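# Structural overview
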Amino acid sequence: MKSFSYFMPTKILCGKDVIINNADLLKSFGKKAFIITGKASSKKNGSLKDLTKALEKQNIEYVIFDEVEENPSMEMVEKAASIGKSEKVDFIIGLGGGSSLDSAKGIGVLIKNKEAKKEDLFLAKKLESIEVIAIPTTAGTGSEVTQYAIFTDHRSKTKKGFSHSVFPKIAFLDAKYLMSTPDSVTINTGVDALSHLIEGYLTINASVLSDALSKEGMALFSECREAFLKREFTYEIREKLILMSTIAGMVIAESGTSLPHGMGYALTYFHNIPHGKANGLLLKEYLSFCEDKKKVNNILEILNMKDLDEFGGFLKELLGSFKGVNEKEINEYTETMINNKAKLKNHPFEVKREDILNIYKNSLM
Ligand code: NAP
Ligand code: FE
């Protein structure tokens with residue numbers, strides 16, 4: 001058997017009213033919390049109210065930063081960190097989708113390292129963060145159990161993973177916050193989680209343990225297949241989705257992501273395509289390119305798909321297609337991807353320029 005290591009330092013608590021029921025756990029993190037969230041959704045879905053109630057119950061002061069945007073920028077992270085420093089917060093709570101959770105990690109690093117600037121999010125030397133707690137309200141990124149955070153870097157015109165490693169101390173999962181999620185967000189984020197499971201399963205870093213998690217996550221996705229097609233997301237389905245997405249996060253925490261994630265960033269940066277959809281548009285052609293046919297067949301079997309065409313048709317029905325890219329752009333994105341050595345090294349075999357080009361072309365033209 002291939003040797004492997006497995007590390008998951010995040011305490012995961014899952015269930016209805018999990019924040020209120022475990023409010024006492026917040027006490028050990030300090031006297032003042034910094035809540036990092038988006039502009040609107042956490043106010044509407046009740047999660048911000050539950051969180052502030054839990055903090056008040058424990059006599060913990062809090063400051064709210066609610067300006068997290070989708071595809072968070074380094075500038076926004078720096079702005080929030082300067083507020084956190086002047087407010088002398090002790091710990092951070094990221095509340096919302098992956099954008100809020102990722103921002104919480106970046107802000108935590110800039111608060112802990114007083115002199116650090118936004119550029120230091122990508123510093124070669126690893127920096128620590130003040131403690132972060134994560135409460136996801138999308139079932140997609142798994143950021144609540146990963147060490148990663150992705151920020152938009154306008155200088156290199158792409159999105160990049162920061163260079164530090166910040167695992168949240170606790171992840172609180174409560175499916176009730178997902179009940180009012182628009183179908184488009186549920187679908188895009190669900191496909192992001194599916195990409196994590198599939199890419200993680202096919203990376204060079206996959207192990208017997210991460211494979212076990214990938215398979216369980218894909219089985220959960222398969223149980224939600226009809227719900228996706230009918231756009232009927234009951235509480236029971238939402239529970240499965242949030243669990244699947246956290247499991248998928250546990251997979252990529254170990255394995256990293258691969259070609260669809262690396263290639264999808266250009267579609268998000270230049271065409272504003274949501275992250276999960278960007279991965280999903282490339283997923284079928286990626287699977288048809290992957291050399292390990294045995295593993296590809298396992299994926300299809302678990303997802304209950306007879307072949308790649310059925311899988312592609314399913315994704316198309318969920319996501320629609322996107323044909324707004326021309327050949328010149330595809331060449332440019334291919335160039336960027338072929339220089340993304342960090343992502344390419346996750347693929348078990350050598351990837352040629354032509355392989356990337358073909359995946360883009362077959363998916364988008
Ligand atoms: P998101 O960008 O966090 O949020 C997308 C939209 O959904 C926002 O408009 C948000 O509104 C809304 N929303 C969030 N929760 C909602 C709810 N419960 N009900 C209704 N609307 C809700 O989306 P995401 O897909 O979760 O995160 C994507 C980001 O995560 C990308 O930047 C991606 O690169 C990154 N990512 C990170 C990892 C990792 O391991 N760290 C892995 C994959 C992807 P508000 O703004 O009002 O809250
Ligand atoms: Fe992702």
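Everything quoted here is computed from the prediction, not taken from an experiment.

## Comments concerning the pattern of salt bridges
- Overall, the coordinates contain 15 salt bridges when judged by the stated rule.
- The salt bridge partner of Asp66 is Lys43, with a shortest N-O separation of 2.8 Å. In this pair, Asp66 sits in strand β3 (residues 61-68) while Lys43 sits in helix α2 (residues 41-44), placing the two residues 23 residues apart along the sequence.
- Since its relative accessible area comes to 27%, Asp66 is described here as partly exposed.

## Structural notes on the site of ligand 1
- Close to ligand 1 lie 28 residues; Ser41, Gly98, Ser99, Asp102 and Thr138 are nearest.
- Within the side chain of Asp102, one N or O atom sits 2.8 Å away from a nitrogen atom of ligand 1.
- With 4 residues, helix α6 (residues 183-202) is the single largest residue contributor to the shell around ligand 1.
- Partitioned by chemical class, the residues of the shell around ligand 1 number 7 nonpolar, 16 polar and 5 charged.
- Per-domain counts for the shell around ligand 1 show at least three residues from each of domain 1 (11-177) and domain 2 (182-364).

## Description of the nonpolar core
- Core analysis: the largest hydrophobic core is formed by 93 residues, its most contacted members being Ile198, Leu259 and Phe311.
- In terms of residue count, the dominant contributor to this core is helix α9 (residues 235-255) (10 residues).
- Judged by nonpolar contacts, the second largest core, of 27 residues, contains Ala80, Leu110, Leu127 and Ile130.

## Here we look at a nonpolar patch on the surface
- A cluster of nonpolar residues, Met1, Phe4, Val208 and Leu209, forms a patch on the protein surface that exposes about 440 Å² of accessible area.
- Along the polypeptide, Leu209 turns up in helix α7 (residues 208-223).

## A closer look at the packing of aromatic side chains
- For the structure on display, the rule yields 9 aromatic pairs.
- Ring centres of Phe29 and Phe91 lie 5.5 Å apart, and the angle between their planes is 35°; on these two criteria the pair is classed as tilted. With Phe29 in the loop between α1 (18-21) and β2 (32-38) and Phe91 in strand β4 (residues 91-96), this residue pair connects regions lying 62 residues apart in the sequence.
- Here Phe29 falls in the buried class, since its relative accessible area comes to 11%.
- A ring pair is formed by Phe221 and Phe314, whose centres lie 6.1 Å apart and whose planes are at 90°; its orientation type is edge-to-face. Here Phe221 is found in helix α7, whereas its partner Phe314 is found in helix α13 (residues 308-319), with 93 residues between them in sequence.
- When its relative accessible area of 4% is taken as the criterion, Phe314 is described as buried.
- Put simply, the rings of Phe221, Phe228, Phe233 and Phe314 pair up and form one aromatic cluster.

## Structural notes on the state of the cysteines
- Evaluated as defined, the whole model comprises 0 disulfides.
- The thiol of Cys224 is unpaired, and the distance to the nearest cysteine sulfur, on Cys14, comes to 13 Å.

## A closer look at unusual backbone geometry
- In this structure, Asn59 takes a positive phi of about 55° despite not being glycine.
- Here Asn59 lies in the loop between α3 (47-57) and β3.
- With relative accessibility at 67%, the residue Asn59 sits in the exposed group.
- For Asn71, which is not glycine, the phi dihedral falls at a positive 50°.
- Along the polypeptide, Asn71 turns up in the loop between β3 and α4 (74-87).

## Some thoughts on α9
- Helix length check: α9 (21 residues) gives 30 Å between terminal C-alpha atoms against 30 Å at 1.5 Å per residue, within 8%.
- A positive backbone phi angle near 75° is found at Gly256, which sits one or two residues after α9.

## Comments concerning the domain arrangement of the protein
- Here the protein is described as being made up of domain 1 (11-177) and domain 2 (182-364).
- Distance between the C-alpha centres of domain 1 and domain 2: 25 Å.
- The partner domain 2 presents 23 residues to the 26 residues of domain 1 that form the contact.
- Across the domain 1/domain 2 interface, buried area totals approximately 2,100 Å², and carbon plus sulfur atoms make up 66% of it.
- Contact with domain 2 buries area across many residues of domain 1, yet Ala139, Lys159 and Ala175 alone supply 26% of it, more than any other trio.
- The interface formed by domain 1 and domain 2 holds 6 residue pairs in polar contact (both at pLDDT 80 or more) in total.
- For the side of domain 1 that touches domain 2, the secondary structure elements donating two or more residues are β6 (150-153) and β7 (158-161).
- Looking at the side of domain 1 that touches domain 2 element by element, the count peaks at 3 residues for β6.
- Each residue belonging to the side of domain 1 that touches domain 2 can be placed in one class, and the counts come to 9 nonpolar, 10 polar and 7 charged.

## Considering the environment of Lys341
- Structurally, Lys341 is set in helix α15 (residues 341-344).
- With 148 residues separating them in the primary sequence, Lys341 and Ala193 have C-alpha atoms 23 Å apart.

What counts and what doesn't
Residues numbered from 1 in each chain as written. Chains lettered and ligands numbered in written order. Predicted model: local features only at pLDDT ≥ 70, side-chain atom pairs only at ≥ 80, totals over all residues. Heavy atoms only, no water. Salt bridge = Lys/Arg side-chain N within 4 Å of Asp/Glu carboxyl O. Helix = DSSP H or I, 4+ residues; strand = E, 2+ residues; numbered from the N terminus. Buried < 20%, exposed > 50% of the residue type's maximum accessible area, 1.4 Å probe, protein only. Near = heavy atom within 4 Å. Polar contact = N/O pair within 3.5 Å; in protein donor to acceptor, adjacent residues only side chain to side chain. Nonpolar A, V, L, I, M, F, W, Y, C, P; charged D, E, K, R; others polar. Domains from an automatic or database assignment. Core = buried A, V, L, I, M, F, W, Y, C linked by side-chain atoms within 4.5 Å. Patch = residues over 30% accessible without salt bridge, like charges linked within 9 Å, V, L, I, M, F, W, Y side chains within 5 Å. Areas by Shrake-Rupley, 256 points an atom, 1.4 Å probe, with all protein chains shown as cover. Phe/Tyr/Trp six-rings, centres within 6.5 Å; stacked < 30°, edge-to-face > 60°. Disulfide = S-S within 2.5 Å. Expected span 1.5 Å × (residues − 1). Contact = heavy atoms within 4.5 Å. Buried area = accessible area lost by both parts, 1.4 Å probe.

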